[in-house]
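# Summary of the model geometry
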Amino acid sequence: MTPGAVQQLPVWGPLAALAALAVVALSGAMVNDVLAARFSGRRGGGFAPIAEAARLLRQRRRSTVAADELLRRVGVAGLTVASALKVAVLPVGAWVVSDLAVGLVWFNAMDVLVWAFVWLAGWGQNSVFPLVGGYRFLALALAYELPLMFALTAPAVAAGSLRMGDIVAAQEGLWFVVWMPVAFVVFLAAVLAFSLQRPFTAPMAADIAGGVTAELSGVDRFLVLTGRYSLLSAGAGFAVALFLGGGSGPLLPDWLWFLGKTVVLLWLLVALRRRIPQLRPEQLMAPAWVVGLPLVLLQVLIVAVVTINGRSS
Amino acid sequence: MGLRNVLARIAVTRCHVFVAEGYAGAGSRMAVERLLADNGWVQALSPGDADILCICGEVPEDQTDAVERLWDQLPGPRSRTVVTGPEHAGRALDGCVAELLDVDGQMRLEAERTATEPKEDDKQDDGDSRMNMDHEGMDHGKKDDGAEDSHADMDHEGMDHGGMSHEGMDHGGMEMPMPGGIGLAGEGKDRDGLDLDALKVPLGPYLPFWPAGLVLHCELQGDIVFAARAEYAFGRGEELPIGGPSGTERAALVRQSDLVSRLLALAGAAREAAKVRGVRDAALDGAALDECRRSLAASGTRLRRNWLLRRTLQGIGRIPQGGAAGEPGGTDAWDRLLALLDATVAGTAGAGAVPLGLLPDLVRGLELSVVRLVVASLDLSPQPAPAVEGRAR
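Residues numbered from 1 in each chain as written. Chains lettered and ligands numbered in written order. Predicted model: local features only at pLDDT ≥ 70, side-chain atom pairs only at ≥ 80, totals over all residues.

## Re the overall build of chain B
Helix and strand counts for chain B stand at 13 helices and 10 strands. Burial statistics for chain B: of 393 residues in total, 49% are counted as buried. (Helix = DSSP H or I, 4+ residues; strand = E, 2+ residues; numbered from the N terminus. Buried ≥ 20, exposed ≤ 12 C-beta atoms within 10 Å, placed from the backbone.)

Okay, structure coming up:
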């Protein structure tokens, strides 16, 4: 495995990555609102995220009595920060902001940070419904995290490296999705879960008046909503890098292939999750651990056996 | 046209409206919900997310304080209106948009709001003692957190979306420390006999997807309701007045599809909820009843195939067998949803109203989300019933 499979961007790299993330996330939000508008028989809808942003930017921030301001702000801003940090190790074609040797572990660590951020946002508001929402997320996270970790293991084992660039390079002959379908599906489900999308919306559901977001307004709410779409976009990007061959494709430059695949996958996820009803928070644990975990372990076993055979022959 | 005006113009294309249904407000609420969907607006889940507070129907005298509390929680720019009949909904919301667009006026109001809040505290000194306690605490919070929190008193109990919150937190007693004026939660034994915080949280009467006027005084341990008391803050009012030869039949269809869509929305099946709601709106517009029933039948077929939804609703809120006559004994939320849908399709009456007294026993020991689903799955008796006590052993 060559460590120089991808090239680190100079100083403007982080800015470019952030801008790309913002554009991709905005496209996801727009697609969501276009679908929503079409469903309810209206035209357009693509402008809705802009209108929502304008609305929230002119709205006054409110805070609850005896709120833990520091923790609340850390949690509220954290979702966007976590997604930005994830994208830092994501190879866009041949470019990456930071070519960490343990990029995959970095991604997973940022994902676990989301646990803390959602919970802190709920706890910091000192209010019942956000608090219940925060704990609901922990219940979901406990269920999805282990299957997610093992799903991440499969590409790493096959590539023999934790470096994102190596994992992409290892798919030159065959995309991992072809022989790791279970890991791919579990990973996509986990992406929906850590970005708080349906069916994993219980932490901010209608039955607890919006849960984590119940008391948020103005820029706080803006950050949380942006964070959700950024996390979903980052998740789609990692799905492309880990399973869909990264930037490989004919004719077009590889960064364009990568972004194209990411956007298409993001839109598919947005459309798919609109059709799934929400899970009750206590209902995920059993299927995730009794069905999902054994299946994904089996997947890792198969991948390991195939990889070892391939190396020895 | 300054930047503020531009922002305001863009913002009002997507207003968030908190709909509070008062006495006899069902018709107005449906008209407002309809307008929201047509305009691409959003029904806010909490007042903290709303630009417009829309009160549908009449607010009884003793509820004005609760409505003021809701109003105080709107972050601003904000606007409020009362819709007293379905035909007034459009004009009322247009008026709100005009207010929201008045950038200078909103700035002035916000400045006044920030400035006058301490005085409001003084004014309410002749209120009950518990409220004074809260307000003193609020002032304290202000000193700590600076000007930004000067509007914090609107939130002083966090969970008061129901507007009834001043009764919610008073169990801390005077001798306990009260950060920010909020009494600490008391203690109680949980299901496993461990000491856990017990928090009193009223659900309702102004809560989205909730029977208008119902208040469920819950005692929470974590998110488990271990005791509850149900009462009506005010009655529901007469049935929807819908004219024409098939008036009552139509009213029944509208009412039942409203109940179905509410349960579906809470269960997180937004698509199906919107479809059933669309049928409701069509029926209100005077579409042929047969047409409506066909759409509902199609929805019923789709729902029966939806195993995720069945998993969410099956087995919760099962009413014990052999109750009083007319009670849908032995059914769970999933059965009741399908039965209600089938009854609507067949044009017969639903399983019948459930007495309020059943509720506390039904929700005891359940998680909050399940409690909401159970309440939404019941056609609760519209008559104001005396409060019923329910307590865990």
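## Describing the overall build of chain A
Check the secondary structure of chain A and you find 11 helices and 2 strands. Walking chain A from its N terminus toward its C terminus, one meets helices and strands in the order β-α-α-α-β-α-α-α-α-α-α-α-α. Relative to a compact globule of 313 residues, whose C-alpha radius of gyration would be 20 Å, chain A shows 19 Å and is just as compact. Based on the C-alpha atoms only, the size of chain A along its principal axes is roughly 65 × 40 × 40 Å. When burial is assessed residue by residue, chain A has 57% of its 313 residues classed as buried. (Rg over C-alpha atoms; globule rule 2.2 N^0.38 Å.)

## Observations regarding the sheet that holds strand 1 (residues 16-21) of chain B
All names here are of chain B. Pairing is parallel in the open sheet, where 4 strands are placed in the order 2-1-3-4. Bordering the open sheet on either side are strand 2 (42-43) and strand 4 (79-83), each of which pairs with just one other strand. Judged from the 2 bridges that link them, strand 1 and strand 2 form a sheet pairing that is parallel. Residue pairing for strand 2: His-16 is matched across the bridge by Val-42. Contacting strand 1, strand 2, strand 3 (52-56) and strand 4, helix 2 (residues 26-39) crosses the sheet at an angle of about 170° to strand 1. (Pairing = 2+ DSSP bridges. Contact = placed C-beta atoms within 7 Å. Axes fitted to C-alpha atoms, helices over the stretch in contact; angles between N-to-C directions.)

## Quick notes on the packing of helix 1 (residues 13-39) of chain A against helix 9 (residues 218-243) of chain A
Residues and elements named next belong to chain A. Two numbers describe how helix 1 lies on helix 9: the axes approach to 8 Å, and their chain directions differ by 105°. By the angle between their axes, helix 1 is roughly perpendicular relative to helix 9. Contacts between helix 1 and helix 9 pair Leu-21, Val-24, Ala-25, Gly-28 and Ala-29 from the former with Thr-226, Tyr-229, Ser-230, Leu-232, Ser-233 and Ala-234 from the latter. Here the contact of helix 1 with helix 9 is built from residues that sort into 7 nonpolar, 4 polar and no charged. (Parallel < 35°, antiparallel > 145°, perpendicular 65-115°, else oblique. Nonpolar A, V, L, I, M, F, W, Y, C, P; charged D, E, K, R; others polar.)

## Quick notes on helix 13 (residues 368-377) of chain B
Most of helix 13 of chain B is tucked away, with 10 of its 10 residues classed as buried. Those residues of helix 13 of chain B not exposed but buried are Leu-368, Ser-369, Val-370, Val-371, Arg-372, Leu-373, Val-374, Val-375, Ala-376 and Ser-377 of chain B.

## A closer look at the pairing of strand 3 of chain B
Consecutive residues of a regular strand have side chains that alternate between opposite faces of the sheet. Residue and element names in this part refer to chain B. Counting buried residues in strand 3 gives 5 out of 5 residues, a clear majority hidden from the surface. Here strand 3 shows two buried faces, one formed by Ile-52, Cys-54 and Cys-56 and the other by Leu-53 and Ile-55. One ladder, built from 5 bridges, connects strand 1 with strand 3; its direction is parallel. Bridge pairing links Glu-21 to Cys-56 in strand 3. Taken together, the 5 bridges between strand 3 and strand 4 define a ladder with parallel strand orientation.

## A few points about the nonpolar core
The nonpolar side chains of a soluble globular protein tend to be buried with one another. Counting residues in hydrophobic clusters, the biggest one holds 201 residues, and the most contacted among them are Ala-151, Phe-187 and Ala-239 of chain A together with Val-17, Cys-54, Leu-373 and Val-374 of chain B. Apart from residues lying up to four places away in sequence, Val-17 of chain B is in contact with Leu-36, Trp-41, Gln-43, Ala-44, Ala-50, Ile-52 and Cys-54 of chain B. (Core = buried A, V, L, I, M, F, W, Y, C linked by C-beta atoms within 7 Å.)

## Quick notes on the environment of Arg-14 of chain B
Within the secondary structure, Arg-14 of chain B sits in the loop between helix 1 (3-11) and strand 1. Residue class for Arg-14 of chain B comes out buried when judged on the 21 C-beta atoms lying within 10 Å of it. Other than its neighbours up to four places away in sequence, Arg-14 of chain B contacts Ala-48, Ala-51, Glu-52 and Arg-55 of chain A together with Gly-40, Trp-41 and Val-42 of chain B.

## Digging into the packing of helix 4 (residues 103-124) of chain A against helix 5 (residues 128-159) of chain A
Relative placement of two packed helices is described by the angle separating their axes and the distance separating the axes. Residue and element names in this part refer to chain A. In contact at an axis separation of 8 Å, helix 4 and helix 5 are set at 175° when each is read in the N-to-C sense. When the axes of helix 4 and helix 5 are compared, the pair comes out roughly antiparallel. Across the interface between the two elements, Leu-104, Asn-108, Trp-115, Val-118, Trp-119, Ala-121, Gly-122 and Trp-123 from helix 4 touch Pro-130, Leu-131, Gly-133, Gly-134, Phe-137, Leu-138, Ala-141, Met-149, Leu-152 and Ala-156 from helix 5. Of the residues that constitute the contact of helix 4 with helix 5, the class distribution is 14 nonpolar, 4 polar and no charged.

## Focus on the interface of chain B and chain A
Taken together, the contact between chain B and chain A spans 56 residues of the former and 53 residues of the latter. Put simply, the parts of the chain that give the side of chain B that touches chain A at least two residues each are helix 1, helix 6 (129-145), strand 6 (195-203), helix 7 (247-266), helix 8 (270-285), helix 10 (307-313) and helix 13 of chain B. The greatest single-element share of the side of chain B that touches chain A, amounting to 5 residues, is contributed by helix 1 of chain B. Partitioning the side of chain B that touches chain A into residue classes produces 26 nonpolar, 17 polar and 13 charged.

## Examining helix 3 (residues 64-73) of chain B
Residue and element names in this part refer to chain B. Every buried residue of helix 3 is accounted for by Ala-66, Arg-69, Leu-70, Asp-72 and Gln-73. Down the axis of helix 3, the sector holding all buried residues measures 160°, keeping them to one side. Buried residues in helix 3 make contact with strand 1 and strand 3. (Arc of directions from axis to C-beta.)

## As for the environment of Val-74 of chain A
With respect to the element layout, Val-74 of chain A can be found in helix 3 (residues 69-87). Spatially, the C-alpha atoms of Val-74 of chain A and Phe-117 of chain A are 6.8 Å apart, while their sequence positions differ by 43 residues.

## Here we look at the confidence of the model for chain B
Residue and element names in this part refer to chain B. The share of residues in chain B with pLDDT of 70 or more is 72%, and the mean pLDDT across the chain is 73. When mean pLDDT is compared element by element in chain B, strand 1 scores highest at 90, while helix 6 scores lowest at 36. When the criterion is pLDDT under 50, residues 119-175 qualifies, and its contacts beyond four places in sequence or with other chains add up to 118 contacts. Ignoring residues within four places in sequence, the model shows residues 383-393, a span with pLDDT below 50, making 24 contacts including any to other chains. Listed scores for the predicted complex are pTM 0.82 and ipTM 0.82. (pLDDT = per-residue confidence, 0-100.)

## Considerations on unusual backbone geometry
Residue and element names in this part refer to chain A. For the bond from Arg-198 to Pro-199, the omega torsion is 0°, close enough to zero to count as cis. Positionally, Pro-199 belongs in the loop between helix 8 (181-194) and helix 9. A positive phi is found at Leu-196, a non-glycine position, where the angle reads about 55°. With respect to the secondary-structure elements, Leu-196 resides in the loop between helix 8 and helix 9. We classify Leu-196 as buried; it has 26 C-beta atoms within 10 Å. Even without being a glycine, Leu-251 presents a positive backbone phi close to 65°. Relative to the elements of secondary structure, Leu-251 occurs in the loop between helix 9 and helix 10 (254-275).

## What about the environment of Gly-103 of chain A?
Residue and element names in this part refer to chain A. Relative to the elements of secondary structure, Gly-103 occurs in helix 4. A residue is classified by how many C-beta atoms lie within 10 Å of it, and Gly-103, with 27 of them, is buried. It is 33 Å that separates the C-alpha atoms of Gly-103 and Pro-130, two residues lying 27 residues apart in sequence. In contact with Gly-103, not counting residues within four places along its chain, are Val-89, Leu-162, Arg-163 and Met-164.

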